Amino acid sequence: MSDGEMNTSMGTLFSPPDVEGARQFFAAKSRVLTDKLMSVSEAVTQFVHDGDYFSSGGFGMIRISTAVLHEIVRQRKKNLGFAGHTSTHDFEILAAGRCFDRCDVAYIVGLEVCGLSPQARRYMESGAVQVTEWSNATLGWRLKAAAMGVPFLPARALLGTETFKYSAAKEILCPFTGQKLAALPALYPDVSVIHVHRADVYGNAQIDGISVADWDLARASKRLILTTEQVVDTSEIRRTPELTQIPYWLVDAVCHVPYGSYPGNMPYEYYLDKEHLNEWLEAEKDVATLDAFLQKYIYGTQDFAEYLALKGGEEHLAELRAREPLQRG
Amino acid sequence: MTHCTPSEMMIVAAARALAGVRTVFVGVGLPNSACNLARRTVAPHLELIYESGVYGAQPARLPLSIGDPTLISGATSVCSMADLFGLYLQGGRVEVAFLGGAQIDRFGNLNTTVIGDWQQPKVRLPGSGGACEIAINAQQIFVIMRLKRRAFVDQLHFLTSPGHLGGGGERAVLRLPGSGPQLVVTDKCVFRFDEATGEMVLHSLHPGVELAEVQEAVGWELKIAPHLGETESPTDEDLRLLREELDPQGLYR
């Protein structure tokens, strides 16, 4: 691996950096101020199609849109592409539903200190999923390149590793310094979902706490579904415009889903439900118990509200509110 | 001194290595305990950086996730993940970063991607996470992981994150900005790296550990420092902080 020779990667580029196509798509996207409130079921039916490249906002078990992830499983969406960017419980849900068949990997399968998901492992080890390797920064910068409208961003990343070899990045020489850099191709998801603290009916949305990749994800995605803890009047959004990460014209659907990140954490609102996350891991140990578990909580429920009710409803959620360390004011 | 467990010895040894350091990139688990102990002992001005975008964290309890709200509460600053990696890490502002992995080789290269063949893995692991860019860009890397034969291997199954690559200055040829792994802290001993060859060298044994135990747990012919030392034991205050304040439930004991 000398500086002189250029190494090539062998990973598949699932979503090409088609900046012109993306410009045309975004130019044609309606900016009319319309009420986009709809149910999660309607949003998934309308905007998530089999074969789409999908990305999930938040941070794995922090501020994720569990309602949409469940609905994708419930509607038995298939052959999705997936951006495995800091994905933990979101990945676990879609792996349980066997919804994707290709994955850009930065962090998958694991649930940080809670260990590895048995079903996510089984699914990834089965050969059913085509993988291209990346890393948290490089996958995040791919979204940033797309958001910026450039076909790639250069980075001091991946070089010298098998992560590079099995990625779809390219080595380039810097035109100024002559040094090797990794060129990271823009990633334009077909559809993404982001769970937010508050949004108006048009899709102007605000996030409190960590934003992770969502600023870029919202701008890189062709279609965007928001789920929100609260639907507020536009005047409320306009009171603190510096908190508006997502303006309405990026958004296709707004779904009102209180506790929508459960069993994940929602900063300033409620803590994660470690017991239920453990219940997931326990059920996944065996395919039969996982099937029964999915039947009980996802396939056998009408919607997310029914799932919350099964998990102890308001009383249990109040306990999780009390456990959240971030407090307002 | 109060009796300590191998895990406590490992955390204390890692914490002490942070003396004088101002910025450290932290992970959940063992690094989190080590960095928070360092902040309470040898490095009171240590700024803890977590890849979820948090700078200057002061966690009141053990985080379950790198995005855990306990890391945000009371922190100095929060930014996006892309900015944290770009403006702090790639910008050259991170002095030390902690990493670990399923496998490490003699040059400190790390595997967190697969056990077995990549095409048909025996175990699919999480992948790089932020480790690959951290290993490239942080000024220094400290590795913290338990010493086991299946982890300290002659041949990695996958090179996820670069240590000293093939050794002998290969990082410099690729112009990787950071200096790579400088230290490996385990539950039995501490390794450093030979500056010329980039190879891991046994630096000190933890009290009560025999050299043969370490040699058996390493899958290559181990180099040993000419003056093999003994790792300094934890103080009673180190152990009190760990047991009563930082990890009262004993998750990492």
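Residues numbered from 1 in each chain as written. Chains lettered and ligands numbered in written order. Predicted model: local features only at pLDDT ≥ 70, side-chain atom pairs only at ≥ 80, totals over all residues. Heavy atoms only, no water.

**Overview of the overall build of chain A**
Secondary structure assignment for chain A yields 13 helices and twelve strands. Dimensions of chain A along its principal axes, counting C-alpha atoms only, are 65 × 50 × 40 Å. For chain A, restricting intrachain contacts to residue pairs at least 6 apart in sequence, the fraction spanning at least 24 positions comes to 77%. For chain A, the computed accessible surface area is about 12000 Å², with 53% contributed by carbon and sulfur atoms. Counting 32 positive and 42 negative side-chain charges, chain A places the averaged centre of each group 4 Å from the other. (Helix = DSSP H or I, 4+ residues; strand = E, 2+ residues; numbered from the N terminus. Contact = heavy atoms within 4.5 Å. Areas by Shrake-Rupley, 256 points an atom, 1.4 Å probe, with all protein chains shown as cover. Lys, Arg positive; Asp, Glu negative; His and termini not counted. Charge placed at Lys NZ, Arg CZ, Asp CG, Glu CD.)

**Re the sheet that holds strand S3 (residues 54-55) of chain B**
Residues and elements named next belong to chain B. If you trace the ten strands from one edge of the open sheet to the other, you get S4-S3-S2-S1-S5-S10-S11-S12-S13-S14, paired in mixed fashion. Each edge of the open sheet carries a strand with a single partner, namely strand S4 (77-78) and strand S14 (223-230). Both strand S11 (residues 181-185) and strand S12 (residues 189-193) contribute to a ladder of three bridges, which runs antiparallel. Note that in S12 the partner of Val185 across the bridge is Val190. Its contacts with the sheet place helix H2 (residues 30-40) against strand S1 (23-25), strand S2 (47-50), strand S5 (96-99) and strand S10 (140-144), and it is angled at close to 160° to S2. Together, S1, S2, S3 and S4 form the strand contacts of helix H4 (residues 81-90), whose direction differs from that of S1 by roughly 135°. (Pairing = 2+ DSSP bridges. Axes fitted to C-alpha atoms, helices over the stretch in contact; angles between N-to-C directions.)

**A short note on the interface of chain B and chain A**
Chain B puts 55 residues into the contact, and the matching count from chain A is 56 residues. Summed over the shared surface of chain B and chain A, the result is one salt bridge. Here B:Arg124 ties to A:Glu133 by a salt bridge, and the two come within 2.6 Å at their closest N and O atoms. Where the side of chain B that touches chain A is concerned, the elements lending two or more residues are helix H3 (69-72), H4, strand S9 (121-124), helix H5 (131-137) and helix H6 (170-173) of chain B. (Salt bridge = Lys/Arg side-chain N within 4 Å of Asp/Glu carboxyl O.)

**Brief notes about the confidence of the model for chain B**
With 100% of its residues at a pLDDT of 70 or more, chain B shows a mean pLDDT of 96. Confidence metrics for the complex model read pTM 0.97 and ipTM 0.97. (pLDDT = per-residue confidence, 0-100.)

**Things to note about the packing of aromatic side chains**
Evaluated as defined, the whole model comprises 20 aromatic pairs over all chains. Between the aromatic rings of B:Phe152 and B:Trp220, the centroid separation amounts to 6.5 Å while the plane-to-plane angle is 25°, which identifies the pairing as stacked. Here B:Trp220 lies in the loop between helix H7 (211-216) and S14 and B:Phe152 lies in the loop between S10 and H6, a separation of 68 residues in the sequence. Judged by its relative accessible area of 0%, B:Phe152 is buried. Taking relative accessible area as the criterion, B:Trp220 reaches 6% and is therefore assigned buried. A cation over an aromatic ring shows up here: A:Arg219 above the ring of A:Trp215, its NZ or CZ 4.2 Å from the ring centre. (Phe/Tyr/Trp six-rings, centres within 6.5 Å; stacked < 30°, edge-to-face > 60°. Buried < 20%, exposed > 50% of the residue type's maximum accessible area, 1.4 Å probe, protein only. Lys NZ or Arg CZ within 6 Å of the ring centre and 35° of its normal.)

**Quick look at the nonpolar core**
Side chains that are nonpolar tend, in soluble globular proteins, to be buried together. Judged by nonpolar contacts, the single largest core of 132 residues is most densely connected at A:Ile246, B:Leu18, B:Phe152, B:Phe191 and B:Val214. No other element matches the seven residues that helix H1 (residues 6-16) of chain B contributes to this core. Split by domain, the residues of this core number at least three in each of domain 1 (22-136 + 188-323) and domain 2 (137-185) of chain A. (Core = buried A, V, L, I, M, F, W, Y, C linked by side-chain atoms within 4.5 Å. Domains from an automatic or database assignment.)

**Quick look at the side chain of A:Arg198**
Residue and element names in this part refer to chain A. Mapped onto the elements of the fold, Arg198 is located in strand S8 (residues 191-199). Residue classification places Arg198 among the buried residues on the basis of a relative accessible area of 9%. Of note is the side chain of Arg198, whose polar atom sits 2.8 Å from the side chain of Gln206. Reaching out from Arg198, the side chain makes a polar contact with the side chain of Asp208 at a distance of 2.5 Å. (Polar contact = N/O pair within 3.5 Å; in protein donor to acceptor, adjacent residues only side chain to side chain.)

**Some thoughts on the domain arrangement of chain A**
All names here are of chain A. Under the domain assignment used here, chain A contains domain 1 (22-136 + 188-323) and domain 2 (137-185). Taken together, the contacts link 17 residues of domain 1 with 18 residues of domain 2. For the pair domain 1 and domain 2, the summed buried surface comes to about 1400 Å²; carbon and sulfur atoms form 67% of the total. Area buried by domain 1 at its contact with domain 2 is led by Glu133, Trp134 and Asp216, which between them contribute 45% of it. Counting across the interface, domain 1 meets domain 2 through two salt bridges. For Arg142, the salt bridge identified is with Asp104, shortest N-O distance 3.6 Å. Our count for the contact surface shared by domain 1 and domain 2 stands at seven residue pairs in polar contact (both at pLDDT 80 or more). Taken together, the residues of the side of domain 1 that touches domain 2 sort by class into eight nonpolar, five polar and four charged. (Buried area = accessible area lost by both parts, 1.4 Å probe. Nonpolar A, V, L, I, M, F, W, Y, C, P; charged D, E, K, R; others polar.)

**Observations regarding the pattern of salt bridges**
All names here are of chain B. Under the defined criterion, the tally for this structure stands at 28 salt bridges over all chains. In this structure, Glu245 engages Arg40 in a salt bridge whose closest nitrogen and oxygen atoms are separated by 2.2 Å. Taken together, the residues Glu245 in helix H8 (residues 236-246) and Arg40 in helix H2 connect sequence positions 205 residues apart. According to the relative accessible area criterion, Arg40 is partly exposed, its value standing at 40%. When the shortest N-O distance is used, the salt bridge between Glu199 and Lys223 registers 3.3 Å. You can see Glu199 sitting in the loop between S12 and strand S13 (200-205) and its partner Lys223 sitting in strand S14, a full 24 residues away along the chain. On the accessibility criterion, Glu199 (8% relative accessible area) is buried.

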